[in-house]
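Observations on the model geometry
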Amino acid sequence: MPPPAPFPFTALVGQDEVKDALILAAVNPRVQGVLLIGPKGTGKTTAVRGLADLLPEITHSLCPNGCEPNWALQDPERLCPDCRDKLNRGEPISYIARQALVELPLNATLDDVVGGANVRLSLEQQHLRFDPGILAHAHQNILYIDEINLVAQEVLDAILDAAATGYCVVRRGRLAASYPSRFVLIGSMNPEEGFLRPQIIDRIGLRVVVGALTDPQERLTIARHVHAFGDDPEAFAAQYAGLTVAAAASIAAARAALPAVRISPAAEEAAIRLITRLGIESNRTEIVLFEAARAYAAIDERTEATVEDVRAVAPLVVRRRRSLGTDAFWAATREEESLIQAELAALQPRAPRARRPAKRGPALVDPSLDGSGRT
Ligand SMILES: [Zn+2]
């Protein structure tokens, strides 16, 4: 039995920021993923699952060693021996399919995620072979983690490392192997169930705080939609089929146009000024803001991202960038520093320069505190 049809993305009511963020991530993987933060029942998972119908068709590699399909034409020397053999036999090394939405099960273990060593095959071939994990399936696709704040730390670290490097590394004792794992990460979380560490939030590009809709008319429309969808999902989705096809075509066109989209110097300057004035430290902020602005312009069928594009996407990028912990750290550091300076100034009359011992070295520095570990 095929999986049930998802609730159509184009039938979602309100939540424009959620829709914008998901579409930007589908158009430009360099926006580094989406984090949806909000209580249960605000449609986060429904929106993400609906995105699956809008994803474009792409060429997927069949090679477990990470050969890219375009190498066959552009750079055949880079192909691994397996792929060369396949091409010589006239077999395909790639296939075309719609980008998929891969969901991480909540209780996934590290082995499930990175893949486990296949001991029999490894011994036979004298080379570490592994059974692919979820990160292998996520390659070139979208990885969705619901309740990302409840995922085990070692599992989340492995996922974020792969998201950052494009590779997943499997280690077993002294042996290590790697496979390509480039994916768009989408996470959702309910802040009532605990928060993510700030350094993890910083690694996800776009953030949306999802609240319940307050407009009575919108709530009524949602209730009617949910009822109609529950009655007959296929018939409900069919009503939105035209809109869905158009939205998918628009995303595919924006992806194709994206490489030619530049960001104007004025837009770059405005972005940097905004980030500096907000006191945000992470350099990821401007990198993501430029990429999101380019994607926004591409969706609008323009080849230059302007200040208006920066303005449109900036809230998604800059919110929740400042870590309250870091702010408190710097405030405490500044306070301590001014106290130290004040006390040093107060010391001066009692310790005039001329009376300082001449040849005892920097007596103010305790040698055990110089950070070198030597005492
Ligand atoms: Zn290969």
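The preceding data block contains the structure.
Quantities reported herein were computed from a predicted structural model and do not represent experimental measurements.

It is worth spelling out the overall build of the chain at this point. The helix and strand tally for the chain stands at 16 helices and 13 strands. In terms of overall dimensions, the chain is more spread out than a globule: its C-alpha atoms have a radius of gyration of 26 Å, far above the 21 Å expected for 375 residues. Here the chain holds 375 residues, and 39% of them are scored as buried. In the chain, the share of contacts with a sequence separation of at least 24, taken over all contacts with a separation of at least 6, comes to 75%. Counting only carbon and sulfur atoms, one obtains 55% of the accessible surface of the chain, whose full area is about 21900 Å². Distance from the positive charge centre (41 side chains) to the negative charge centre (46 side chains) of the chain: 8 Å.

Together, Ile340, Leu344 and Leu347 line one region of the surface with nonpolar side chains, adding up to about 250 Å² of accessible area. As for its position among the elements, Leu344 is in helix H16 (residues 324-347). Relative accessible area serves as the criterion here: at 42%, Leu344 is assigned to the partly exposed category.

The coordination sphere of the zinc ion, as far as protein atoms go, consists of Cys63 (SG), Cys67 (SG), Cys80 (SG) and Cys83 (SG), spread over 2.2 to 2.3 Å. Given 4 donor atoms and angles of 105 to 112° at the metal, the environment of the zinc ion is assigned as tetrahedral. Sequence positions of the residues that donate to the zinc ion give the spacing C-x3-C-x12-C-x2-C. On the accessibility criterion, Cys80 (10% relative accessible area) is buried. Judged by relative accessible area, Cys83 falls into the buried class, the value being 3%.

Where helix H1 (residues 16-27) contacts helix H2 (residues 44-51), the two axes come as close as 11 Å, and the packing angle between them is 35°. Regarding H1 and H2, the two cross each other, and that crossing is right-handed. Of the residues in H2, those touching H1 at Val18, Leu22 and Ala26 are Ala47, Val48 and Leu51. Partitioning the contact of H1 with H2 into residue classes produces 6 nonpolar, no polar and no charged.

Each α-helix turn comprises 3.6 residues. Residues three or four places apart therefore point the same way. For helix H14 (residues 284-299), spanning 16 residues, the distance from its first C-alpha to its last is 22 Å, which sits close to the expected 22 Å at 1.5 Å a residue. Across the 16 residues that make up H14, a large majority, 12, are buried. For H14, the complete set of buried residues consists of Thr285, Glu286, Val288, Leu289, Phe290, Glu291, Ala292, Ala293, Arg294, Ala295, Ala297 and Ala298. Count one or two residues on from H14 and you reach Glu301, which has phi positive near 60°.

Before going further, it helps to spend a moment on the sheet that holds strand E11 (residues 206-209). Through backbone hydrogen bonds, the strands of a sheet pair up, either in parallel or in antiparallel fashion. Pairing is parallel across the open sheet formed by 5 strands, whose spatial order is E4-E7-E10-E1-E11. Each edge of the open sheet carries a strand with a single partner, namely strand E4 (101-103) and E11. Along the sheet, successive strands turn relative to each other by an average axial angle of 20°, direction set aside. Relative to strand E10 (residues 184-189), strand E1 (residues 34-37) is paired through 4 bridges, and the arrangement is parallel. When the bridges of E10 are listed, Leu36 appears paired with Ser188.

This part takes up the side chain of Arg294. One can find Arg294 in helix H14. The class of Arg294 is buried, set by a relative accessible area of 11%. Not counting chain neighbours up to four residues away, the residues in contact with Arg294 comprise Asn28, Leu258, Pro259, Val261, Ile263 and Ala305.

Throughout the structure, instances matching the rule amount to 4 aromatic pairs. Centroid distance Phe236 to Tyr240: 5.2 Å. Interplanar angle 45°. Geometry classified as tilted. Residue Tyr240 is classed as buried on the basis of its relative accessible area, which comes to 14%. Among the aromatic residues, those joined into a ring-pair cluster are Phe7, Phe229, Phe236 and Tyr240.

Checked against the element boundaries, Thr276 lands in helix H13 (residues 265-277). Linking Thr276 and Gly205, residues 71 residues apart in sequence, is a C-alpha distance of 17 Å.

On to the pattern of salt bridges, then. Side chains that differ in charge, positive against negative, can pair when their charged atoms come close. Evaluation of the coordinates by the stated rule reveals 17 salt bridges. A salt bridge links Arg120 to Glu124, with the shortest nitrogen-to-oxygen separation between them at 2.8 Å. Pair noted here: Arg120 and Glu124 are both in helix H6 (residues 119-125), with a separation of 4 residues, about one helical turn. For Arg120, a relative accessible area of 52% translates into the label exposed. Looking at Glu124, the relative accessible area reads 53%, which means it is exposed. The structure contains a network of salt bridges with shared partners spanning Arg30, Glu291 and Arg294.

Conventions and cut-offs
- Residues numbered from 1 in each chain as written.
- Predicted model: local features only at pLDDT ≥ 70, side-chain atom pairs only at ≥ 80, totals over all residues.
- Heavy atoms only, no water.
- Helix = DSSP H or I, 4+ residues; strand = E, 2+ residues; numbered from the N terminus.
- Rg over C-alpha atoms; globule rule 2.2 N^0.38 Å.
- Buried < 20%, exposed > 50% of the residue type's maximum accessible area, 1.4 Å probe, protein only.
- Contact = heavy atoms within 4.5 Å.
- Areas by Shrake-Rupley, 256 points an atom, 1.4 Å probe, with all protein chains shown as cover.
- Lys, Arg positive; Asp, Glu negative; His and termini not counted.
- Charge placed at Lys NZ, Arg CZ, Asp CG, Glu CD.
- Patch = residues over 30% accessible without salt bridge, like charges linked within 9 Å, V, L, I, M, F, W, Y side chains within 5 Å.
- Salt bridge = Lys/Arg side-chain N within 4 Å of Asp/Glu carboxyl O.
- Donors = N, O, S within 2.8 Å, 3.2 Å for Na, K, Ca; no water.
- Tetrahedral: all angles 85-135°; square planar, octahedral: opposite > 155°, others 65-115°.
- Axes fitted to C-alpha atoms, helices over the stretch in contact; angles between N-to-C directions.
- Left-handed = near helix turned anticlockwise from the far one by under 90°.
- Nonpolar A, V, L, I, M, F, W, Y, C, P; charged D, E, K, R; others polar.
- Expected span 1.5 Å × (residues − 1).
- Pairing = 2+ DSSP bridges.
- Phe/Tyr/Trp six-rings, centres within 6.5 Å; stacked < 30°, edge-to-face > 60°.

The quantities given are spatial measurements derived from coordinates; they are silent on function.
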